[in-house]
Structures are given as C-alpha cells and as structure tokens.
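Structural overview
Letter by letter, the chains look like this.
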Amino acid sequence: MAATASPLDTGLTLGNAMADRAYSAVDSGLHAAADGVERLSDSIRTPPPALSVEDEVDGVYHSAAARLVNNFRGQLKRGLPFQLSLQNVLSILDAIITSKFTGGLDDRLYLLEHALTFLSRYPPNTVTSKELQDKVISLLWYDLPHPPSSLVGSKYQFRTADGSGTSIWHPEMGVAGSAYARSVQTLHPLPANQLPSPELLFDTLLKREKQVDHPAGLSSFFFAFANFRLVVIHSLFHTDHTTDPTQPRNRVSSYLDLSPVYGSNDEELNSIRLNDGTGRIYPDTFADSRLLHMPPSTPALLIMYSRNHNYIVKKLLDINERGQWENPPPEDETKRQKQDDEIFGTARLINCGWFMSTIFGDYLASILGL
C-alpha cells in the first residue's frame, strides 16, 4: 500500500511546481525586456560612450541595463541559489507582513541567515551581486546601533577590567555587574518546575556513544570554542547568584573582551599581572576559575590566548616604536607602572583583536556555512 504524502510534503511539492512556473514566466518576461532594451538602445542613434571589455558579450556591445537583465536571466536559467522550503517561505512572509504593519522582523525565522546564504552562493563579480551586497551591508549598518566615536586622550585608550567606558557617551552600558536585558520577550513562559534539568539537556544534546565525523569537517575544537562556553557563555554571561533571583545580574561585561583570561574586575585582573614594567602576565594563567571545570580543550584554548598576550608583549618591546619604552624597565616605581600599564593595555587590545577575528572570520563563518 502506497504511503500517503503528508500535507506538508504536498504543500512543498505544489510550492516547487508553482515556483518553477514562476521562474519560467519571469525568464520569458526578462528575455522580452532584454530584447526591448536592446532595440531601444539601437533606435537611439547617438554615439556611444567609451565601452569597456565588460560591455562586450560574444562580439556585441550591450548597454548596462540590458546586461543587468541578461545577468539575472542567466542566473534563472542556472537555477537560483535558493531552495524553496517552508522555513524560507515563512521568513519571506514575515518580512513582507512586518515591513508593512509592525516594522520589525522575527529573528527566530532566520531571514538574515537565509539572505547571507543566498549571497554566498550567488555568482560574484556581477552587477546584481554587487547591488544585493550593497543593500545587505547598508541594512546591517543602518539597522544596528553604532558604537560612539572615540575621543583623543588617554582616558579611554585601553580597555577597563569591568568593561566600563567602552561606550564613551554611555560609560556604564554593558559594564560587569549590570542587570540582564531582554530584547525578545517570551511568548509562552514556563514555570521552573516544568523546565528540563541541565543534566537531561546535556545528555540529550551533547552525549554521544561513538565517534562521528562532522558533515562539514569541523573538529571538536570548534565546539570547545562554542558549545563549551568559551565564547558565548563564559565571555558574555556569568549570573550572580548572590543577588535577587527575580532581578539577575551579570558579573561579566557584555563585550568580547577576553574576560575569561583577563577577568571582570580589578582584583581578578591584577591577580594575573606581573606588574614588572613589561606588561606581561603570569605564564599559562587565566582569571576565570570556572573554566577549570570544563573539558580540557576549553582551558587549552585559554592558555593559547594567555601565551599569545606575552608573545605580543615581547614583539612590542622588540619593536619599541618611537623608543617610548625602556627595556629593561625603569627603576622608578611610578614610571615602571605607567610603562607596564601602556604595554599591557596595548597587548590586550591586540589579543582581543585576534579573538574577535577568530569569531567573525572562522566561528560565525562556520555556523553560517560560508
């Protein structure tokens, strides 16, 4: 007995058939539009401007408008880098509806992720591709709040232990010890006694019985960097359980400032610093003791960033741009501490730059499949 297709499968089949017909109709229309643009260009008998190699196709020079239409038409013939799925349809419908009525998007439908995946698969170096990329970049730039401009002077030259002063005009924004903020409200809140236990979540999501290679070729180090909380949880979240549970506070800052290595207050920061005028920290140390309870791969990553700090310090002292520092350090305690603060702060900025480069260049790219 043949299995009966589910309503979802039937709907997707019909949707794909409708999409194929729509693509064919659009292709025919674009073909006619391209021919019309060419005839219009030929009818205007004005001397054409200087044409480049990009304007020549099969020995014939085409106008920019016709090339744009033909590029898009060619992409339709090859097949759009986009798969019609229920998730994609819901994302597009949400974008249309909310842009008309509410002015916001539901991040749970991952419209941005679908758009970035579409762009990554779209043929590069085309007029359409460049215009789409410009639109997405403009959307991201103007939609997200920007950090304020920096000021000239030494007050905000280096990062602070608790993250204060990262925003010059709002120095307390994101500081360690602040209350948590919620930007997406819970639609169906559950009481605590109905939530699954952490042990059950761990065994269900992370426990495995045998070695299984990741289909994208990712190693376990990726998950040590992500799932074992080096990036997301330990860098950005540390709930203070000594405060009112109805008003939880975060003991770390809201910034990717390598707080697991450097700490989130002056006491933790000073516990790893040598303060000998060289800007170094104690070898193979980090400030956040929570990471000692994690699998070995996670502390190993922190040790790498700890060693990288001292490597950067050595390079800074070797280069010693403009001869601004003394090596060996000055004997005067005030001058020695000032030099140590400058070298340490500079090395920390560079180390955090490496950290964020890994996040944006490797970690997020792997998540998005780019």
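Up top is the structure.
Below or above, wherever it landed, is the structure these notes cover. As a convention, each chain's residues are numbered from 1 in the sequence order in which they are written. Local features in this predicted model are restricted to residues of pLDDT 70 or higher, and side-chain atom pairs are both shown and tallied only at a pLDDT of 80 or more, whereas totals for entire chains, interfaces and linings draw on every residue. Calculation of side-chain values draws on the structure's entire complement of heavy atoms; hydrogens and water are dropped beforehand.

Comments concerning the packing of aromatic side chains
We call Phe, Tyr and Trp rings a pair once their centres come within 6.5 Å, taking the six-membered ring for Trp, and we label the pair stacked below 30 degrees between planes, edge-to-face above 60, and tilted otherwise. The tally for this structure, following the rule as stated, stands at 2 aromatic pairs. Plain terms: the ring middles of Tyr262 and Phe344 are 5.7 Å apart, the flat faces sit at 90° to each other, and that makes the pair edge-to-face. Here Tyr262, found in helix H9 (residues 259–262), pairs with Phe344, found in helix H12 (residues 333–368); they are 82 residues apart in sequence, far enough to count as distant. In this pair, the class of Tyr262 matches that of Phe344, namely buried. Centroid distance Tyr305 to Phe355: 5.5 Å. Interplanar angle 85°. Geometry classified as edge-to-face. Linking Tyr305 in helix H11 (residues 297–319) with Phe355 in helix H12, this pair joins segments that are 50 residues apart in sequence. Only protein chains enter the accessibility calculation, which uses a 1.4 Å probe. A residue is then buried if its area is under 20% of the maximum for its type, exposed if over 50%, and partly exposed in between. For Phe355, a relative accessible area of 0% puts it in the buried group. Placement of a positive charge over a ring is assigned whenever Lys NZ or Arg CZ falls within 6 Å of the ring centre and within 35 degrees of the normal to the ring plane. Taking the ring centre of Phe344 as reference, the NZ or CZ of Arg273 above it sits at 4.3 Å. Numbering goes from the N terminus for both helices and strands, where a helix is a DSSP run of H or I of at least four residues and a strand is a run of E of at least two.

Things to note about H12
By this rule the span expected of a helix is its residue count minus one, scaled by 1.5 Å. Over its 36 residues, H12 extends 50 Å from the first C-alpha to the last, a length consistent with the 52 Å expected when each residue adds 1.5 Å. At Ile359, H12 shows its strongest bend, of approximately 30°. Nitrogen and oxygen atoms within 3.5 Å of one another constitute a polar contact, given that in protein one can donate a hydrogen and the other can accept it, and given that sequence-neighbouring residues count only through two side-chain atoms. Its side-chain oxygen 3.2 Å from the backbone nitrogen of Thr334, Asp332 forms the N-cap of H12. Of the residues one or two after H12, Gly369 is the one with positive phi, at around 70°. One axis fitted to the seven residues ending at a residue, another fitted to the seven starting there: the angle between these axes is the bend at that residue.

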